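# Summary of structural features
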Amino acid sequence: MFCTVWAYAQTKPPITTPPATPPPANPAPATPAPTTPPPPSQASAGKVTNVFTDQDVKSILSEIANVTGVSILSDSSVKSNEISIEFKDDSVEVALEKLSYVAGLLWKKKGDLYLVSTPSPDAPMFNEFAKTRIYVPRTQPAESLYGLLARSYSPFANLDKSANLISITAPDKIMSTIWAALEAADGRRRQFVVEALVTEIKEEQGKETGFSWNWKHFGVGADMGISYATATADDIVNIKALISDNKATLRANPSILAAEGREASITIGSETYFSIVTGSTTNTNIQLQRINTGITLRLTGFVEDSGALNLHLQPEVSDAAAPVGGNPATTVRRADTYVRVEPGQTIVLGGLIRDIESKVTTKIPLLGDIPLVGTVFRSSRQVKQRTEVVIMITPRLIEPKTEQK
């Protein structure tokens, strides 16, 4: 038996696409989509555009944080000061930089926070912005450099006089300013050698010798009776001749090295001791007191661009006098004067009169040494002598060594 299966295939009718409609000859212009204007406080996301007139600093910081979407943390040292400032499409960093410049603030980014403070060492966040550096002077004492700093920088600098250094703790900008000021003041100074000839000439001998200056009026001047003049080669020859003839005494002939702007001194002195008696007749206390006397010359020099030197001279002559009322006494003659001198030129200082009083004893040999009876064979007398201290100064520049390449 046979079974036949018929399969019918269902077919879909064909899909026909209608012809495209041709565009119109004159199409109408497309209407642009409406846009929303940006808020007045920002031109674009994260940017600050605004004008503040006499506004509080803290309010401006809050506006910057709201517009940019960042977290700004200010400490208690940031006061409510009113300022005027304009921002124009500025980022948070640029806005904070402008505000810091106008209001005198400091800012930094730490993680996701922006920290704002003042440069005061008492500010709670001062350690977040400050660093410490040690300045070791090259040519000048640390005490002198510290004294040259402006008062506004003194809270950031500490002087260690014993170690000769300056410790600076300050934010970067203040640190760089202080460091530059110290380096500028600590530059290399020019040096010069001062040759001095210190003599004592008997007054009558000095007047008889033909010096180039007028000896009669040499010691009369506005600077406490001490004046100066320019010495010639003949004057130096005459001084040496007086020394050779024992009419003058050479006290010293030193040469000292001095730096520009630093004081140098020459001292030719002696120590005199006096007995000071205190207490009652039954309980007497005797003490020795020392007095330093002699000749001292202090000088400070400054070098001009032409090479000439401006010398600040401070000569002094002191002598010990007889005690007055049991207390020792001294006589002092000093001066303070300024001299401009060319290198190699000799300046002579005069008018430093010195009165020397001494006791001279004459006796018959052997007989004058006999106890009790010896006083008959010896005699004493007081001798007074007036001399004038003459100081000749010759400065010479030391040329700095040139570095060989």
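Located above this text is the structure these notes cover.
Small disclaimer: the values here were computed from a predicted structure and weren't measured. (Residues numbered from 1 in each chain as written. Predicted model: local features only at pLDDT ≥ 70, side-chain atom pairs only at ≥ 80, totals over all residues. Heavy atoms only, no water.)

On a plain count of helices and strands, the protein chain comes out with 7 helices and 19 strands. Buried residues in the protein chain amount to 33% of all 405 residues. In the protein chain, the share of contacts with a sequence separation of at least 24, taken over all contacts with a separation of at least 6, comes to 64%. Summed over its atoms, the accessible surface of the protein chain is roughly 26,200 Å², and 53% of this surface lies on carbon and sulfur atoms. (Helix = DSSP H or I, 4+ residues; strand = E, 2+ residues; numbered from the N terminus. Buried < 20%, exposed > 50% of the residue type's maximum accessible area, 1.4 Å probe, protein only. Contact = heavy atoms within 4.5 Å. Areas by Shrake-Rupley, 256 points an atom, 1.4 Å probe, with all protein chains shown as cover.)

Relative to the elements of secondary structure, Thr 346 occurs in the loop between β17 (337-341) and β18 (347-363). A polar atom in the side chain of Thr 346 sits 2.8 Å from the side chain of Thr 394. (Polar contact = N/O pair within 3.5 Å; in protein donor to acceptor, adjacent residues only side chain to side chain.)

One pass over the full model with this rule turns up 10 salt bridges. Between Lys 98 and Asp 90 there is a salt bridge whose closest N-O contact spans 2.8 Å. One connected set of salt bridges, linked through shared partners, spans Lys 108, Lys 110 and Glu 128. (Salt bridge = Lys/Arg side-chain N within 4 Å of Asp/Glu carboxyl O.)

The next point concerns the layout of surface pockets. Roughly 410 Å³ of volume is contained in the largest pocket. Lining the largest pocket are 15 residues, and of these Leu 105, Leu 106, Trp 107, Pro 171 and Lys 173 lie nearest its centre. For the lining of the largest pocket, the elements supplying multiple residues, two or more each, are α2 (92-103), β4 (106-110), α3 (126-129) and α5 (172-185). The residue makeup of the lining of the largest pocket, split by class, is 8 nonpolar, 2 polar and 5 charged. (1 Å grid on protein atoms, 1.4 Å probe; cavity = no way out; pocket = protein on both sides within 12 Å on 5 of 7 lines; lining within 4 Å. Points joined across faces, edges and corners; volume = space filled by probe spheres on them. Nonpolar A, V, L, I, M, F, W, Y, C, P; charged D, E, K, R; others polar.)

So, about the sheet that holds strand β7 (residues 157-160). The strands making up a sheet associate through backbone hydrogen bonding, with each pair oriented either parallel or antiparallel. One open sheet holds the 3 strands; their spatial order is β6-β8-β7, and the pairing between them is antiparallel. The sheet is open, and its two borders are formed by β6 (131-135) and β7, each paired with just one other strand. When strand polarity is set aside, the average angle formed by the axes of neighbouring strands in this sheet is 20°. The pairing of β7 with strand β8 (residues 165-170) spans 4 bridges and is classified as antiparallel. Residue Asp 160 lies in a different strand from β8, and its bridge partner there is Leu 165. (Pairing = 2+ DSSP bridges. Axes fitted to C-alpha atoms, helices over the stretch in contact; angles between N-to-C directions.)

Further remarks concern the nonpolar core. Grouped burial of nonpolar side chains is what soluble globular proteins tend to show. Counting 25 residues, the largest nonpolar core has Phe 192, Leu 297, Leu 299, Leu 309, Leu 313, Ile 391 and Ile 393 as its most contacted members. Looking at this core, the elements that each hand over two or more residues are β9 (191-202), β12 (255-259), β13 (264-279), β14 (284-303), β15 (309-324), β17, β18 and β19 (378-398). With residues up to four places along the chain from it excluded, the contact list for Phe 192 reads Ile 256, Leu 257, Ala 258, Ala 259, Glu 260, Leu 299, Gly 301, Leu 309, Leu 311, Arg 396, Leu 397 and Ile 398. (Core = buried A, V, L, I, M, F, W, Y, C linked by side-chain atoms within 4.5 Å.)

The subject of this paragraph is the packing of helix α1 (residues 57-68) against α2. For the pair α1 and α2, interaxial distance at closest approach is 11 Å and the crossing angle is 175°. On the basis of their axis angle, the class for α1 and α2 is roughly antiparallel. Contacts between α1 and α2 involve Val 57, Ile 60, Leu 61, Ile 64 and Thr 68 from the former and Val 92, Ala 95, Leu 96, Leu 99 and Ala 103 from the latter. The residue makeup of the contact of α1 with α2, split by class, is 9 nonpolar, 1 polar and no charged. (Parallel < 35°, antiparallel > 145°, perpendicular 65-115°, else oblique.)

Tracing the backbone shows Ser 270 in strand β13. C-alpha separation for the pair Ser 270 and Thr 293, spaced 23 residues apart in sequence, amounts to 5.4 Å.

Let's shift gears to α5. Residues lying three or four places apart along an α-helix face the same way, a consequence of the helix completing one turn every 3.6 residues. An ideal rise of 1.5 Å per residue puts 20 Å on 14 residues; α5 measures up with 20 Å between its terminal C-alpha atoms. Every buried residue of α5 is listed here: Ile 174, Met 175, Ile 178, Trp 179 and Leu 182. Buried residues of α5, seen end-on, are gathered within an arc of 130° and therefore sit on one face of the element. In α5, the exposed positions that point more than 90 degrees away from the buried face belong to Lys 173 and Ala 184. Buried residues in α5 make contact with β6, α4 (142-148) and β8. (Expected span 1.5 Å × (residues − 1). Arc of directions from axis to C-beta.)

Positive phi values are uncommon outside glycine, yet Asp 54 reaches one of about 50°. Tracing the sequence through the fold places Asp 54 in strand β1 (residues 48-56). Unlike most non-glycine residues, Asp 89 shows phi in positive territory, near 55°. Along the chain, Asp 89 falls in strand β3 (residues 82-90).

Now for the packing of aromatic side chains. Evaluation of the coordinates by the stated rule reveals 4 aromatic pairs. When the ring of Trp 107 is compared with that of Tyr 114, the centres are 6.2 Å apart and the planes differ by 40°; the resulting orientation is tilted. The ring of Trp 179 is capped by Arg 133, whose NZ or CZ atom sits 3.7 Å from the centre of that ring. (Phe/Tyr/Trp six-rings, centres within 6.5 Å; stacked < 30°, edge-to-face > 60°. Lys NZ or Arg CZ within 6 Å of the ring centre and 35° of its normal.)

A separate point is the environment of Leu 313. Its location among the elements puts Leu 313 in strand β15. It is 7.8 Å that separates the C-alpha atoms of Leu 313 and Ala 335, two residues lying 22 residues apart in sequence.

In this section: the sheet that holds β4. Spatially, the 3 strands line up as an open sheet ordered β2-β5-β4, and their pairing is mixed. A single partner strand is all that each edge strand has here, and the edge strands are β2 (71-74) and β4. Between one strand and the next, the sheet's axes are offset by a mean angle of 25°, whatever the strand orientation. Note that β2 and strand β5 (residues 113-117) share 4 bridges and pair parallel.

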